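# Chain and residue survey
The primary structure of each chain is shown beneath.
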Amino acid sequence: MTRAIKDLSTKAIHAGEPTPRVSGAVVAPIFQSANFEYSGESSYHDLRYLRLSNTPTHDVLHAKLAALEGAEKAVVTASGMAAISTALLSVLSPGGHLLVQGNLYGGTHTFVTRDLADFGMTYSVIDADDPASWASVLQPTTRAIYVEAMTNPLLQVADLEAVPIFAKEHGLVSLIDSTFPSPVNFRPVEHGFDVVLHSATKYLNGHSDIVAGVVAGRSDLVEGVRHRLNHLGGTLDPHAGFLLNRGLKTLSVRVRYQNESALAIADWLERHPDVRRVNYPGLSGHPRHSRAKQLFDGFSGMLSFELSGGRDAAERFIKRAQLPILAASLGGVETLLTLPATTSHAGMTADERCKAGISDGLIRVSVGLESTSDLIGDFKSSLA
Ligand SMILES: *Cc1c(COP(=O)(O)O)cnc(C)c1O
């Protein structure tokens with residue numbers, strides 16, 4: 001990387017781009033070729049073959065994403081879940097034990113609680129806010145600790161700084177799903193994390209038109225994940241890779257706008273008489289505001305809020321809202337709403353949801369790139 005590339009916004013555009021440019025093309029082309037002419041490679045993993053994630057399209061993404069995270073290496077995958085499952089199956093071996101935070105992303109939760117056992121791996125759930133309690137669940141076979149940068153849908157921020165410290169003390173690999181903040185707001189490697197995971201489906205691509213994932217971090221660990229990925233086959237398709245690179249170029253402007261817009265909307269919602277509670281770590285009243293302020297450069301485009309009128313009021317709001325789309329996923333240009341009690345968390349009992357703080361009237365918002373005042377205007381008439 002040249003010395004001129006310092007800031008994240010510049011890296012998002014220039015890091016990893018082919019030099020010299022391919023036939024002078026300003027945009028790195030899609031290499032839609034499954035195989036490449038043999039040029040003397042001696043190891044299977046070095047053969048130029050699409051499943052081995054080594055086309056020129058992949059090389060650009062790997063270098064760019066490593067630069068954005070400040071990581072030694074990165075590898076892209078066919079989805080966020082491919083990144084997460086392949087990383088866990090790479091750092092754990094049969095008999096291995098994993099420490100995980102509670103309230104994980106649904107797919108990860110199910111993979112850890114149901115699938116890991118089929119591979120002879122076990123787990124314990126930790127209170128990620130209470131590092132003093134972690135040592136008591138350690139086992140001689142514990143190999144890794146796994147957390148999320150911000151939880152869904154309450155946007156809680158655990159004691160993230162304690163995780164890599166604890167991991168180093170006990171010889172564990174520390175992993176973090178950093179999908180919600182994106183590297184614009186948070187770069188876990190700077191805080192000592194070994195492995196950073198992303199659903200690139202969300203902010204990294206940012207246009208809700210592909211699924212993709214990223215594993216970034218320590219070179220030896222990413223290399224191990226890549227070998228496992230070569231065998232499990234969760235390779236990112238070159239066309240999706242091209243779209244991801246296109247999305248990445250605007251990551252910084254998108255996320256900074258979303259940070260600002262979400263903060264303004266959260267602030268407006270908090271003052272509304274029909275709103276009981278707003279969950280957004282950028283608000284000074286959020287229980288983890290000072291921690292989030294210290295760790296993050298921005299508080300993301302994700303927020304959730306509860307209406308005093310409960311589920312009926314929430315359903316009325318969703319029906320009236322004209323700009324936001326009622327849809328799963330997040331991080332795109334369109335503002336999206338979900339009702340977690342009936343979608344992402346419908347598998348829990350009402351009692352479990354209540355304990356987790358997810359009431360039936362909770363609405364989650366992924367703030368898009370529409371004008372903030374248009375969104376607030378729409379929210380205002382939907383609440384009237
Ligand atoms: C969406 C998401 C995932 C899963 O990613 P896919 O790209 O859908 O496979 C994992 N973690 C978080 C936090 C997510 O939001």
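Parameters and conventions
Residues numbered from 1 in each chain as written. Predicted model: local features only at pLDDT ≥ 70, side-chain atom pairs only at ≥ 80, totals over all residues. Heavy atoms only, no water. Helix = DSSP H or I, 4+ residues; strand = E, 2+ residues; numbered from the N terminus. Rg over C-alpha atoms; globule rule 2.2 N^0.38 Å. Buried < 20%, exposed > 50% of the residue type's maximum accessible area, 1.4 Å probe, protein only. Contact = heavy atoms within 4.5 Å. Areas by Shrake-Rupley, 256 points an atom, 1.4 Å probe, with all protein chains shown as cover. Lys, Arg positive; Asp, Glu negative; His and termini not counted. Charge placed at Lys NZ, Arg CZ, Asp CG, Glu CD. Near = heavy atom within 4 Å. Polar contact = N/O pair within 3.5 Å; in protein donor to acceptor, adjacent residues only side chain to side chain. Pairing = 2+ DSSP bridges. Axes fitted to C-alpha atoms, helices over the stretch in contact; angles between N-to-C directions. Expected span 1.5 Å × (residues − 1). Arc of directions from axis to C-beta.

On to the overall build of the chain, then. Looking only at helices and strands, the chain has 13 helices and twelve strands in total. Relative to the globule expectation of 21 Å for 384 residues, the C-alpha radius of gyration of the chain, 21 Å, shows essentially globular dimensions. For the chain, the spread of C-alpha atoms along the principal axes amounts to about 70 × 55 × 35 Å. Counting the 384 residues in the chain, one finds 54% classified as buried. Pairs at least 24 residues apart make up 72% of the contacts formed inside the chain by residues separated by at least 6 positions. Summed over its atoms, the accessible surface of the chain is roughly 16,400 Å², and 53% of this surface lies on carbon and sulfur atoms. Of the side chains in the chain, 34 bear a positive and 39 a negative charge, and the two mean positions are spaced by 3 Å.

Around the ligand, 13 residues are found, and the nearest of them are Met81, Asp177, Ser199, Thr201 and Lys202. The contact in question runs from an oxygen atom of the ligand to an N or O atom on the backbone of Met81, over 2.8 Å. When the ligand is considered free in solution it has 380 Å² of accessible area, and contact with the protein chains removes 90% of it. Here the shell around the ligand takes three residues from helix α3 (residues 80-91), the largest share from any one element.

Turning to the sheet that holds strand β6 (residues 195-199), a few remarks are in order. Ordered by their spatial adjacency, seven strands build an open sheet running β1-β7-β6-β5-β4-β2-β3, and the pairing between neighbours is mixed. Two strands close off the open sheet at either side, each with one partner strand: β1 (73-77) and β3 (122-126). Averaged over neighbouring strand pairs, the angle between their axes works out to 20° when direction is ignored. Of the strand pairs in this sheet, strand β4 (residues 142-148) and strand β5 (residues 173-177) are connected by five bridges, and their pairing is parallel. Looking at the pairing, Ile145 lines up with Ser174 of β5. Most of the contacts of helix α2 (residues 56-69) go to β1, to which it runs at about 125°, and overall it touches β1, β6 and β7 (213-217).

With that settled, the discussion passes to helix α13 (residues 372-383). Taking 1.5 Å per residue as the helical rise, α13 with its twelve residues ought to reach 16 Å, and the 16 Å between its terminal C-alpha atoms agrees with that figure. For α13, every residue scored as buried is listed here: Thr372, Leu375, Ile376, Asp378, Phe379, Ser382 and Leu383. Take α13 and look down its axis: the buried residues cluster within an arc of 160°, on one side only. Away from the buried face of α13 by more than 90 degrees, exposed residues Ser373 and Lys380 are located. On the buried face of α13, the contacting elements are α9 (251-271), β8 (275-279), β9 (302-307), α11 (310-320), β11 (336-338) and β12 (362-366).

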